[in-house]
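Examining the three-dimensional arrangement
Single-letter residue listing:
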Amino acid sequence: MLVALVFALAAPAAAQEPAISVPVKATPIRHFAVGSHETRFGPLEFAGGLSMTSPVDHFGAFSSFRFMSPGADVIGVSDTGFWFFGTLTRDAEGRPAGFSDFSMQPMVDGAGSSTREKWTTDAEGIAVKDDLATVSFERVQRIAEFEIERGAMGAAIRDLDFLVPRHELRNNRGFETIAYAPPAGRLDGARVVVAERSIDENGNCFAAILEGPHKGVFTVARSDGFDITDGAFLPDGDLLLLERRFTLAQGVAMRLRRIDGATIAPGSVADGPVLFTAGMDYQIDNMEALDVWQRADGATMVSLMSDDNHSLLQRNLYLEFRLLGE
C-alpha cells in the first residue's frame, strides 16, 4: 500500500505525449435518407450532418463525445486510446459546417506514458461535469475519472466502483454508456452506466446507478439483436440510447430508444419505445456516439457520431437532429 501511495505522489500531473493538431475536411450531408429530401423521421427532424476525413492516421475510431458548450466545443474519446477536442462550426443557416481547432492526444498511464495498446485503452463512453471527465473502458474493464486540461490530459485521478460484478462483464461488450442524470431529477445527478451486451440470464444488459439515493444495479431490456453503443439523458429524466446492429444480410443499422426514467432503479428492468430505426438506405455507418444538448431557442438536439474503425470502407459521420415535442 505504501509503495503504491509513493508512486501515485511521484507520478507527473501532466501527460508526456503532446496533443496532435488534426486538420479535418468536412463534406456537408444535406439529406439523411438516401435519394429523398424528407427531413422528418418519427419524432426527429434532421438538421444536418458531415462526412469527415483527415490526413492524420489517428483520426477516427470515435466512440463517445460530449459538448462542453451547447452545439460547439467537443471533448471525446476513441477506442484506440485517444482524447479528441474540437469546435463544431456552422453555416449561415446554423447547419453543421465542419470542425475547427481539432486535436487528439494519447491517453497515458500513471507514469505519463502511452501504451498505445487497445487492450488497456479501449475507451467507449464519456461523461462530463465541470472540469471532470468520467470514461468507461472495455477489455480491461474500468471506469475512471480524469481532470480536463486540453492539450495536457494526464493519467486518471481515480477509478470508480462500477457495482456490476466483474465476472458479468463480457470482454468486448462492457460499459459503452456513461451519462449524468439531470441534477434536479429523481436520480439527483447520478452517473449511470449501461453495458453494450453483457447480459443477465434473461438476456437483458447490465447497468448501474453509481451514486446517490438510488445507487444500485439494474438491467436494460435488449431486443431485435441491437447492441447499446451510447446514451445521454433528456431534460425530463428519460435516457436516450443509441443502438447498433450488423448482419451480413442487411448490413449495419442504428436506432434510438427512449428509456423511461421511472424504470431506472435498482433491481428494475429499464425499457422504453424505439423512436426511429435506420438502415443502409440512410446516411449512417457504425454509429457509436451520442449527445443531447439544448439549442439557444430551447430546442432539444440529438447529435450522433460514427466509428470508422480506421477502415477504408467506413466513414466518420456527424449527424444532428431536433427532437420534436420537447
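Residues numbered from 1 in each chain as written. Predicted model: local features only at pLDDT ≥ 70, side-chain atom pairs only at ≥ 80, totals over all residues. Heavy atoms only, no water.

**Some remarks on the nonpolar core**
Grouped together as the largest cluster of nonpolar side chains are 27 residues, with contacts concentrated most on F32, L256, L290 and L304. For this core, the elements supplying multiple residues, two or more each, are strand 4 (44–53), strand 18 (239–247), strand 19 (251–259), strand 21 (274–278), strand 22 (287–294), strand 23 (300–306) and strand 24 (316–323). Ranked by size, the runner-up nonpolar core spans 22 residues in total, among them L50, M52, L88 and F102. (Core = buried A, V, L, I, M, F, W, Y, C linked by side-chain atoms within 4.5 Å. Buried < 20%, exposed > 50% of the residue type's maximum accessible area, 1.4 Å probe, protein only. Helix = DSSP H or I, 4+ residues; strand = E, 2+ residues; numbered from the N terminus.)

**Looking at the sheet that holds strand 11 (residues 142–147)**
Read across the sheet, four strands follow the order 9-10-11-12 without closing on themselves; strand pairing throughout is antiparallel. The strands lining the two open edges of the sheet, one partner per strand, are strand 9 (123–129) and strand 12 (158–159). In the sheet, strand 10 (residues 132–137) pairs with strand 11 via six bridges, with the strands oriented antiparallel. If you follow T134 over to strand 11, its bridge partner there is E145. (Pairing = 2+ DSSP bridges.)

**Overview of the pairing of strand 4**
Two faces, one strand: in a regular strand the side chains alternate between the faces of the sheet. The buried count for strand 4 comes to seven of ten residues, which makes it a mostly enclosed element. The pairing of strand 3 (residues 40–41) with strand 4 spans two bridges and is antiparallel. Pairing of R40 across the sheet is with E45, part of strand 4.

**What about the environment of F137?**
Here F137 lies in strand 10. For F137 and A123, which are 14 residues apart along the polypeptide, the C-alpha to C-alpha distance reads 4.5 Å.

**Things to note about the layout of surface pockets**
Gaps between atoms show up when a probe of the same size as a water molecule is rolled over them. Counted as a void, the largest pocket has a volume near 620 Å³. Considering the residues around the largest pocket, the lining is formed by 22 residues, among which V128, Y180, F233, D291 and V292 are closest to the centre. Looking at the lining of the largest pocket, the elements that each hand over two or more residues are strand 5 (62–67), strand 9, strand 13 (175–180), strand 17 (227–233) and strand 22. Broken down by element, the residue count for the lining of the largest pocket peaks at four residues, all from strand 22. (1 Å grid on protein atoms, 1.4 Å probe; cavity = no way out; pocket = protein on both sides within 12 Å on 5 of 7 lines; lining within 4 Å. Points joined across faces, edges and corners; volume = space filled by probe spheres on them.)

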